[in-house]
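# Geometric and topological summary
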Amino acid sequence: MEILNCSKADFDQILLEITEFWGSDRTLHLHHPIFLYEFGNSAYVIREDDKVIAYLFGFLSQKSPSGYVHLIGVRRSHQRKGIGSQLYQHFIGFAKKQGCKEIKAITTPT
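So, how was this worked out
Residues numbered from 1 in each chain as written. Predicted model: local features only at pLDDT ≥ 70, side-chain atom pairs only at ≥ 80, totals over all residues. Heavy atoms only, no water. Buried < 20%, exposed > 50% of the residue type's maximum accessible area, 1.4 Å probe, protein only. Helix = DSSP H or I, 4+ residues; strand = E, 2+ residues; numbered from the N terminus. Pairing = 2+ DSSP bridges. Expected span 1.5 Å × (residues − 1). Arc of directions from axis to C-beta. Contact = heavy atoms within 4.5 Å. Core = buried A, V, L, I, M, F, W, Y, C linked by side-chain atoms within 4.5 Å. Phe/Tyr/Trp six-rings, centres within 6.5 Å; stacked < 30°, edge-to-face > 60°.

With seven of its nine residues buried, strand β4 (residues 66-74) lies for the most part within the structure. Pairing of strand β3 (residues 51-60) with β4 involves seven bridges; the strand directions are antiparallel. Within β4, the position partnered with F59 by the bridge is Y68. Where β3 folds back onto β4 in an antiparallel hairpin, the turn is made up of five residues. Here β4 pairs with strand β5 (residues 102-105) via four bridges, running parallel. Looking at the pairing, Y68 lines up with K104 of β5.

Here it is as structure tokens:
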């Protein structure tokens with residue numbers, strides 16, 4: 001599966017179909033366009049034809065040599081196939097090339 005940078009059309013599709021990734025719209029407010037426009041070099045998607053099946057929005061810290069995964073979503077129909085792991089590995093590779101020494105991700109129990 002090819003990992004590409006997220007486009008505006010991809011971002012819009014993710015927002016329109018948010019429940020396909022998260023089961024509800026509870027994370028919609030976390031999908032800020034800053035991740036496309038300001039951190040677009042670390043916003044990734046995997047598509048199947050024209051449909052986004054997974055995405056990762058991350059960024060690099062300005063204070064320490066670390067990368068941060070803000071959101072990662074995989075369509076419910078494509079979960080448990082290792083797609084999320086592929087996105088994480090891609091982001092880790094990108095972050096290492098930029099000199100990062102650690103990767104962070106913060107989540108909640110829900």
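What follows picks up the thread again.
The subject of this paragraph is helix α4 (residues 83-97). Taking 1.5 Å of rise per residue, the 15 residues of α4 would be expected to cover 21 Å, and the 22 Å separating its terminal C-alpha atoms lies within 8% of that figure. Turning to α4, its buried residues number three or more, namely I83, G84, L87, F91, F94 and A95. Down the axis of α4, the smallest arc covering the buried residues is 115°, so these residues share one side. Residues of α4 that are exposed and point over 90 degrees away from its buried face: Q89, K96 and K97. Here the buried face of α4 lies against β1 (3-5), β2 (43-48), β3, β4 and β5. Once α4 finishes, G99 follows within two positions and takes phi at roughly 95°, a positive value.

The subject of this paragraph is the nonpolar core. Y44, I46, A54, L56, L60, L87 and F91 are the most contacted members of the largest nonpolar core, which has 14 residues in total. No other element matches α4, which puts five residues into this core. Among the nonpolar cores identified, the runner-up in size contains 13 residues, and C6, L36, A43 and L71 belong to it.

What follows covers the pairing of β2. In this sheet, β2 lies alongside β1 in antiparallel orientation, the contact comprising three bridges. By the bridge assignment for β2, N5 is matched with Y44. Relative to β3, β2 runs antiparallel, the two sharing six bridges. In the strand pairing of β3, E48 is matched with K51.

With that settled, the discussion passes to the packing of aromatic side chains. On inspection of all chains with the given rule, the structure shows ten aromatic pairs. For the pair Y44 and F94, a centre-to-centre distance of 6.3 Å together with 75° between the ring planes defines the contact as edge-to-face. Placement of Y44 in strand β2 and of F94 in helix α4 is noted, with a sequence separation of 50 residues between them. The exposure classification of Y44 matches that of F94, with both residues buried.

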